[in-house]
Amino acid sequence: MFVIAPVLIGLAYAALNSLIPAVHRRPLNAIMVAGAGAAYLSGGFGVWELLFTAAMTYAAFRGLRSWRWIGVAWLMHTAWDLLHHLHGKPILPFAAHSSLGCAICDPVIAVWCLAGGRSLPEMWRSWAHRTAGRRTYPGEAA
């Protein structure tokens, strides 16, 4: 359950974003990942926290025009989550494994962003369209 819950949270994040009009979805996600970059400012790595926040801010700024940069920023945050988990300074001080959970959730969001941040119904239609004309041959799984 410890791994499943963060994955479900990442999927829920993508699903809820499907409710946001496409024109606003990328800028909102750039803002969200910028905020995530500042989550560890008092996290125990001193000046490195400021440098990481600056790097995340740059990636988020580039994300205003590129889903790829938003995905990269979520992967950067994943690495930072893992470092904090190993260092024993979780994102939520009262939840010892919160950084590890975040490190499991963030790549799910990153994959969605790297896939273009499309709404889930749009992604489903695209998948269904690609597989509709596919032939199966004897002995091949459908």
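The structure reproduced in this document is the subject of the present report. (Residues numbered from 1 in each chain as written. Predicted model: local features only at pLDDT ≥ 70, side-chain atom pairs only at ≥ 80, totals over all residues. Heavy atoms only, no water.)

1. Focus: the nonpolar core
- If you look at the biggest cluster of nonpolar residues, it comprises 21 residues, and the most contacted ones within it are Val33, Ile70, Trp74, Ile109, Trp112 and Cys113.
- Those elements that place two or more of their residues in this core are helix H1 (4–17), helix H2 (22–37), helix H3 (47–63), helix H4 (67–87) and helix H5 (98–114).
- Look past the residues within four positions of tryptophan 74 in its chain and what remains in contact with it is Tyr13, Val33, Ala36, Asp106, Ile109, Ala110 and Cys113. (Core = buried A, V, L, I, M, F, W, Y, C linked by side-chain atoms within 4.5 Å. Buried < 20%, exposed > 50% of the residue type's maximum accessible area, 1.4 Å probe, protein only. Helix = DSSP H or I, 4+ residues; strand = E, 2+ residues; numbered from the N terminus. Contact = heavy atoms within 4.5 Å.)

2. Considering the environment of leucine 41
- Its place among the elements puts leucine 41 in the loop between H2 and H3.
- For leucine 41, a relative accessible area of 41% puts it in the partly exposed group.
- Residues leucine 41 and isoleucine 91 lie 50 residues apart in sequence; the distance between their C-alpha atoms is 9.7 Å.
- Leave out the neighbours within four places in its chain, and leucine 41 touches Glu49, Leu50 and Thr53.

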